[in-house]
2 protein chains.
Amino acid sequence: MTDVISPDSLIAELPDGMVVTDPDILGGYRQDRAFDPDAGTPLALVRPTTTAEVQTVVRWCAHHRVPLVTRGAGTSLSGGSTAVDGALVLSTEKMRGLVIDTATRTAVVQPGLFNAEVKAAAAAHGLWYPPDPSSFEICSIGGNVATNAGGLCCVKYGVTTDYVLGLEVVLADGRAMRLGGKQLKDSAGLPLTKLFVGSEGVLGIVTEVTLRLLPPQAPACTVVGSFASVHQASEAVLAITAQIRPAMLEFMDSVSINAVEDMLRMGLDRQAGALVVAQSDAPGPAGAAEVEIIERAFAEHGAAEVFATDDPQEGEAFTAARRAAIPAVEKLGSLLLEDVGVALPQLPALIDGVAAIASERRVMISVIAHAGDGNTHPLIVFDPADTDEHDRAQLAFGEIMDLAISLGGTITGEHGVGRLKKGWLPNQVGDDVMDLTATIKNALDPHGLLNPGVIL
Amino acid sequence: MTDVISPDSLIAELPDGMVVTDPDILGGYRQDRAFDPDAGTPLALVRPTTTAEVQTVVRWCAHHRVPLVTRGAGTSLSGGSTAVDGALVLSTEKMRGLVIDTATRTAVVQPGLFNAEVKAAAAAHGLWYPPDPSSFEICSIGGNVATNAGGLCCVKYGVTTDYVLGLEVVLADGRAMRLGGKQLKDSAGLPLTKLFVGSEGVLGIVTEVTLRLLPPQAPACTVVGSFASVHQASEAVLAITAQIRPAMLEFMDSVSINAVEDMLRMGLDRQAGALVVAQSDAPGPAGAAEVEIIERAFAEHGAAEVFATDDPQEGEAFTAARRAAIPAVEKLGSLLLEDVGVALPQLPALIDGVAAIASERRVMISVIAHAGDGNTHPLIVFDPADTDEHDRAQLAFGEIMDLAISLGGTITGEHGVGRLKKGWLPNQVGDDVMDLTATIKNALDPHGLLNPGVIL
């Protein structure tokens with residue numbers, strides 16, 4: 001932009017202190033957890049509390065043609081909330097309303113609440129909000145909706161979109177509208193609620209979410225198997241998914257095992273090539289049968305050790321170890337985070353291909369996975385001060401996405417495309433789908449102001 | 001249209017016999033099961049077998065600006081596939097390809113297959129396709145996708161959109177594209193797959209569907225309760241859904257009980273004011289606990305009789321009775337079929353309100369329901385030869401939708417808006433949502449050729 005727009009007129013329209021221009025504070029809103037070094041410098045930060053205030057912000061942006069980057073808790077791993085030069089950053093962090101309705105088993109929440117807060121509020125009423133990204137304690141529900149976030153239990157219980165019954169959204173022209181509601185089934189009109197879940201802030205801003213809650217999950221039994229190699233572990237995963245739908249089926253490689261053990265000191269087997277952590281929450285004899293299937297699959301695919309427990313705290317320790325993998329591996333260097341997924345039978349090929357890329361490019365790649373649904377997180381570790389290694393890491397980053405595409409899979413299972421992966425999206429979906437995407441984006445946001453640079 | 005377009009050039013482009021202009025045959029493709037007396041007369045019927053042929057048809061329509069009504073098995077209950085004067089009717093009935101992939105647990109199907117055929121093919125491989133509209137033996141998968149069809153088991157297992165992993169669609173300009181795929185999780189780009197499920201043929205034509213399959217359902221236990229009144233029955237339903245998520249929770253009133261009994265002679269209690277049919281498929285003691293909760297809820301809400309069975313054939317007999325309700329009530333006269341839904345706590349108010357409308361308008365209204373998710377089918381019975389009764393039935397039809405809207409619910413839970421309910425859609429969703437709907441429709445189908453008159 002040639003002219004710098006002054007935020008003064010927006011400041012005047014909103015309560016005191018809601019618009020922030022202090023460069024020190026703005027600095028903390030430039031990047032998300034993808035740590036994009038090319039993050040821009042925003043014009044200002046605005047932290048509204050109500051839908052009406054969001055509408056004021058969006059109308060101001062529309063009038064002045066100022067781009068708008070919406071951010072929840074800033075935990076995007078794909079640069080979905082990275083700031084853009086001259087943009088207004090709208091943080092939903094102060095939109096923290098929540099009402100649990102036990103009669104309809106729904107939660108009506110504003111987008112700034114953490115996932116963990118929604119879970120806790122539901123649990124206080126004897127209900128359960130299933131989606132559980134590993135970052136659930138620090139990621140926002142708004143971000144979960146924007147990326148259609150998954151997690152550990154979604155192998156059995158589905159992803160965010162499966163729990164969104166209704167939305168309030170503010171469109172690019174500032175109009176607010178309600179989509180869906182508390183009714184469990186609704187075929188009235190185009191499925192617009194679904195269109196906004198996973199749209200990464202490029203079609204509108206979600207200001208309220210109506211979430212479906214479930215009766216509490218039954219106590220789970222946890223089975224952990226240690227394997228000599230990641231390949232063996234992935235074969236064991238397939239043997240399980242061919243027979244049952246476990247409540248969790250996760251995977252860690254030796255790099256992540258050791259990084260987590262360095263951090264948590266919980267006694268994980270440092271010699272293991274891979275750990276698979278599975279859970280069954282089927283009740284009674286059905287659960288026992290599932291545990292037996294898991295144990296047998298582990299044994300038949302060469303597990304060195306198999307450990308089963310129905311103690312919830314022991315089970316949670318292993319789940320926590322898996323969730324700690326990204327922050328733990330982050331301590332080894334800078335990360336490029338992948339989120340590639342394939343149809344389950346391709347999982348071993350994906351795992352092997354990632355190892356080949358690591359070897360070819362001489363970079364450390366730690367692989368963790370929501371293995372039960374074929375969604376893996378290869379973590380490329382590099383020293384940012386080592387230019388050559390940085391370049392090789394970047395090459396590997398692209399090659400892993402190319403690999404997933406060549407296996408018929410996806411460049412992102414749950415993190416979204418953001419800014420970091422958009423270069424690969426056309427290769428996955430094709431030019432016609434990109435064109436359809438642009439058609440819808442242009443129809444809803446003709447000036448391209450909402451989260452520019454994401455997806456398209 | 002002033003000029004009548006000749007289909008000759010289309011006939012020349014497609015295999016012999018694929019385009020039909022015989023008025024006798026066309027007559028059978030004017031109406032669907034909504035039996036709209038205002039159905040138009042199409043220009044021609046085309047029954048393609050491949051995606052490429054569908055593209056040829058769509059391009060021809062685009063070139064000549066001929067409207068295109070796509071139809072599956074013609075079982076729409078809301079006029080979603082009613083023909084329009086001068087339109088080409090595209091029937092998918094000959095698109096019957098099916099591949100079950102046990103490794104990925106998916107079915108790749110063409111849209112013309114019946115739901116029951118997909119279920120049977122999955123079952124032959126030890127797998128399960130859950131969505132089960134009552135019409136599953138005669139409705140097509142393409143129609144199920146177009147309406148986001150539900151059914152009896154969706155109270156626990158979800159609706160069609162929950163099982164659609166991928167689509168092939170032909171857009172209004174004739175381009176074919178693939179959306180999604182066999183991977184279980186995919187956040188790559190806008191959620192376009194979801195946009196087309198439930199879009200009722202107004203955004204594109206679905207030519208292939210990739211469906212997720214599940215391990216087989218565990219054997220279910222069936223509990224049937226008979227009640228003095230529909231109000232009591234609906235209170236019993238709420239008592240159950242407040243505690244558990246049953247595998248089925250259906251409801252029939254005395255009119256439908258007697259109509260079904262007239263047809264099937266299976267020994268239903270003709271004196272009952274309402275029957276509730278519930279199933280639990282939870283295994284072992286968990287299932288026994290659910291059955292106990294259901295039995296207790298029935299008893300506490302005044303059930304005159306409670307019958308429980310774990311015999312699958314006995315259970316299926318009651319399920320079949322519920323599924324037979326619409327065809328059975330249809331024998332009593334012409335029907336106006338409702339599909340209104342509310343959040344569960346509003347169910348008794350909806351039931352009572354429908355009774356009040358029946359009384360006020362002096363028409364017979366039989367109420368059956370997928371009660372467990374608040375989705376009801378009031379069936380308004382009238383004598384088409386009695387003009388006054390017909391008019392009163394039409395008034396009641398609108399008033400029931402008004403009632404659902406006033407209770408915060410939906411005019412259609414699973415049948416779609418079609419042509420018959422579109423007058424009420426703006427009252428439910430509001431002008432801004434209608435405007436957004438039109439924006440998307442116009443962006444994808446600028447000449448308004450795809451299923452004109454549906455939704456908008």
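Residues numbered from 1 in each chain as written. Chains lettered and ligands numbered in written order. Predicted model: local features only at pLDDT ≥ 70, side-chain atom pairs only at ≥ 80, totals over all residues. Heavy atoms only, no water.

Per an unreviewed UniProt entry, chain A carries the name FAD-linked oxidase C-terminal domain-containing protein and comes from Gordonia prachuapensis. Reading the Cofactor (unreviewed entry) entry of the UniProt record for chain A gives the comment "FAD". (UniProt positions renumbered as here; feature names shortened; annotations may be inferred.)

So, about the overall build of chain A. A count of helices and strands for chain A gives 16 helices and 16 strands. For 456 residues, the compact-globule formula gives about 23 Å, and the C-alpha radius of gyration of chain A, at 22 Å, lands near that figure. Along the first, second and third principal axes, the C-alpha atoms of chain A reach 65 × 60 × 45 Å. Relative to its full complement of 456 residues, chain A shows a buried share of 62%. Surface exposure of chain A reaches about 15,800 Å², of which carbon and sulfur atoms provide 52%. (Helix = DSSP H or I, 4+ residues; strand = E, 2+ residues; numbered from the N terminus. Rg over C-alpha atoms; globule rule 2.2 N^0.38 Å. Buried < 20%, exposed > 50% of the residue type's maximum accessible area, 1.4 Å probe, protein only. Areas by Shrake-Rupley, 256 points an atom, 1.4 Å probe, with all protein chains shown as cover.)

For the rest of this paragraph, the subject is the nonpolar core. Soluble globular proteins tend to bury their nonpolar side chains together. In terms of nonpolar packing, the biggest core is built from 178 residues, with F298(A), I365(A), F298(B) and I365(B) touching the most fellow members. The contacts of I365(B), once residues within four sequence positions are left out, are D253(B), V354(B), I357(B), A358(B), P378(B), L379(B), I380(B), A396(B) and I400(B). (Core = buried A, V, L, I, M, F, W, Y, C linked by side-chain atoms within 4.5 Å. Contact = heavy atoms within 4.5 Å.)

Take the interface of chain A and chain B next. The interface of chain A with chain B comprises 79 residues on the first partner and 79 residues on the second. Interface of chain A and chain B: buried area, both sides summed, is about 5,500 Å²; carbon and sulfur atoms make up 65% of it. When the buried surface of chain A facing chain B is broken down by residue, K185(A), S187(A) and L190(A) rank first, second and third, together holding 15% of it. Along the contact surface separating chain A from chain B lie eight salt bridges. R175(A) is the partner of D435(B) in a salt bridge, and the nearest nitrogen-oxygen pair spans 2.9 Å. The interface formed by chain A and chain B holds 20 residue pairs in polar contact (both at pLDDT 80 or more) in total. Counting only elements with at least two residues in the side of chain A that touches chain B, the list comes to α6 (154-157), β8 (176-180), α7 (192-196), α10 (284-300), α15 (425-429) and α16 (431-444) of chain A. With nine residues, the single largest contributor to the side of chain A that touches chain B is α16(A). (Buried area = accessible area lost by both parts, 1.4 Å probe. Salt bridge = Lys/Arg side-chain N within 4 Å of Asp/Glu carboxyl O. Polar contact = N/O pair within 3.5 Å; in protein donor to acceptor, adjacent residues only side chain to side chain.)

This next bit is on a nonpolar patch on the surface. Judged by side-chain polarity, M263(A), L264(A) and M266(A) come together as a nonpolar surface patch covering roughly 210 Å² of accessible area. Given a relative accessible area of 31%, M263(A) falls into the partly exposed group. (Patch = residues over 30% accessible without salt bridge, like charges linked within 9 Å, V, L, I, M, F, W, Y side chains within 5 Å.)

Sites flagged by UniProt as "domain: FAD-binding PCMH-type" (unreviewed entry) map to residues 38-216 of chain A. Between the C-alpha atoms that bound residues 38-216 of chain A the distance is 44 Å, and the span itself is 22% helix and 22% strand.

Further remarks concern helix α3 (residues 51-64) of chain B. Residues and elements named next belong to chain B. Spanning 14 residues, α3 covers 20 Å between terminal C-alpha atoms, matching the ideal 20 Å at 1.5 Å per step. α3 sits mainly inside the fold: ten of its 14 residues count as buried. Those residues of α3 lying buried are T51, E53, V54, Q55, T56, V57, V58, W60, C61 and A62. One or two residues past the end of α3 sits R65, with phi positive at roughly 55°. (Expected span 1.5 Å × (residues − 1).)

Right, let's talk about the packing of aromatic side chains for a bit. On inspection of all chains with the given rule, the structure shows ten aromatic pairs over all chains. Considering the side-chain rings of W128(A) and Y157(A), the 4.7 Å spacing of their centres and the 75° angle between planes classify their relative orientation as edge-to-face. Of the two residues, W128(A) sits in the loop between α4 (115-124) and α5 (141-147) while Y157(A) sits in helix α6, which places them 29 residues apart along the sequence. Judged by its relative accessible area of 13%, W128(A) falls in the buried class. Plain terms: the ring middles of F307(B) and F318(B) are 5.9 Å apart, the flat faces sit at 45° to each other, and that makes the pair tilted. One end of the pair, F307(B), is in strand β13 (residues 305-309); the other, F318(B), is in helix α11 (residues 312-323), and eleven residues separate them in sequence. (Phe/Tyr/Trp six-rings, centres within 6.5 Å; stacked < 30°, edge-to-face > 60°.)

Here we take up the pattern of salt bridges. Opposite charge on two side chains lets them pair, provided their charged atoms get close. Under the defined criterion, the tally for this structure stands at 36 salt bridges over all chains. For R96(B), the salt bridge is made with E117(B), and the minimal N-O distance between the two is 2.7 Å. Residue R96(B) is located in the loop between β4 (88-91) and β5 (98-101), and its partner E117(B) is located in helix α4 (residues 115-124); the two are separated by 21 residues in the primary sequence. We classify R96(B) as partly exposed; its relative accessible area is 40%. Put simply, D388(B) and R392(B) hold a salt bridge, and the shortest N to O gap is 2.8 Å. In this pair, D388(B) and R392(B) both sit in helix α14 (residues 387-406), four residues apart, roughly one turn of the helix. Judged by its relative accessible area of 44%, D388(B) falls in the partly exposed class. One connected set of salt bridges, linked through shared partners, spans D173(A), R175(A), D432(B) and D435(B).

With that out of the way, let us pick up the environment of G448(A). Along the polypeptide, G448(A) turns up in the segment after α16. Distance in space between the C-alpha atoms of G448(A) and A438(A) is 10 Å, their sequence separation being ten residues.

This brings us to the packing of helix α8 (residues 230-241) of chain B against helix α10 (residues 284-300) of chain B. All names here are of chain B. Running from N to C, α8 and α10 cross one another at 145°; their axes reach a closest spacing of 9 Å. Considering only the axes of α8 and α10, their crossing is right-handed. On α10, the residues touching A236, A239 and I240 of α8 are I294, A297 and F298. Along the lines of polarity and charge, the residues of the contact of α8 with α10 split into six nonpolar, no polar and no charged. (Axes fitted to C-alpha atoms, helices over the stretch in contact; angles between N-to-C directions. Left-handed = near helix turned anticlockwise from the far one by under 90°. Nonpolar A, V, L, I, M, F, W, Y, C, P; charged D, E, K, R; others polar.)

Attention now goes to the sheet that holds β13(B). Residue and element names in this part refer to chain B. In spatial order, the strands read β13-β10-β12-β11-β15-β16-β14; together these seven strands make up an open sheet with antiparallel pairing. Single-partner strands in this sheet number two, and they are β13 and β14 (334-337). Looking at each pair of strands side by side, their axes are set apart by 15° on average, direction ignored. Sheet topology places strand β10 (residues 221-227) next to β13; five bridges connect them, and they run antiparallel. Counterpart to G225 in the pairing with β13 is V306. Where α8 meets the sheet, it contacts β10, β11 (248-253) and β12 (274-280), and its direction lies at approximately 175° from that of β11. Docked against the sheet, α14 engages β14, β15 (364-370) and β16 (375-382), running at close to 170° with respect to β16. (Pairing = 2+ DSSP bridges.)

Here the focus is the relation of the copies chain A and chain B. The transformation that overlays chain A on chain B combines an axial shift of 0.0 Å with a rotation of 180°, and the residual RMSD is 0.0 Å. Overall, the copies show the geometry of a two-fold rotation axis. With an isologous cut-off of 70% or more, the 100% of interface residues of chain A that recur at the interface of chain B puts this contact in the isologous class. (Least-squares fit on C-alpha atoms with pLDDT ≥ 70 in both.)

On to the sheet that holds strand β3 (residues 68-71) of chain B, then. Residue and element names in this part refer to chain B. The strand order across the open sheet formed by four strands is β1-β2-β4-β3, and the pairing between neighbours is mixed. If you trace the sheet from one side to the other, it starts and ends with β1 (19-20) and β3, each paired once. Judged from the three bridges that link them, strand β2 (residues 44-46) and β4 form a sheet pairing that is parallel. The partner of L45 across the bridge, within β4, is V89. Across the face of the sheet, α3 comes into contact with β2, β3 and β4 while running at roughly 165° to β4.

Residue and element names in this part refer to chain B. Following both chains from N to C, one finds α8 and helix α13 (residues 347-361) inclined at 165°, their axes separated by 9 Å at the closest point. Viewed along their axes, α8 and α13 adopt a mutual orientation that is roughly antiparallel. Crossing handedness for the pair α8 and α13: right-handed. Along its contact with α8, which presents V230, H231, S234, E235, V237 and L238, the element α13 presents L347, P348, I351 and D352. Looking at side-chain class alone, the contact of α8 with α13 contains six nonpolar, two polar and two charged residues. (Parallel < 35°, antiparallel > 145°, perpendicular 65-115°, else oblique.)

Attention shifts here to unusual backbone geometry. Residue and element names in this part refer to chain B. Phi is positive for R65, which is not a glycine, with a value near 55°. Inspection of the secondary structure puts R65 in the loop between α3 and β3. Assessed through its relative accessible area of 43%, R65 is described here as partly exposed. Phi at N451 takes a positive value of approximately 45°, unusual for a residue other than glycine.

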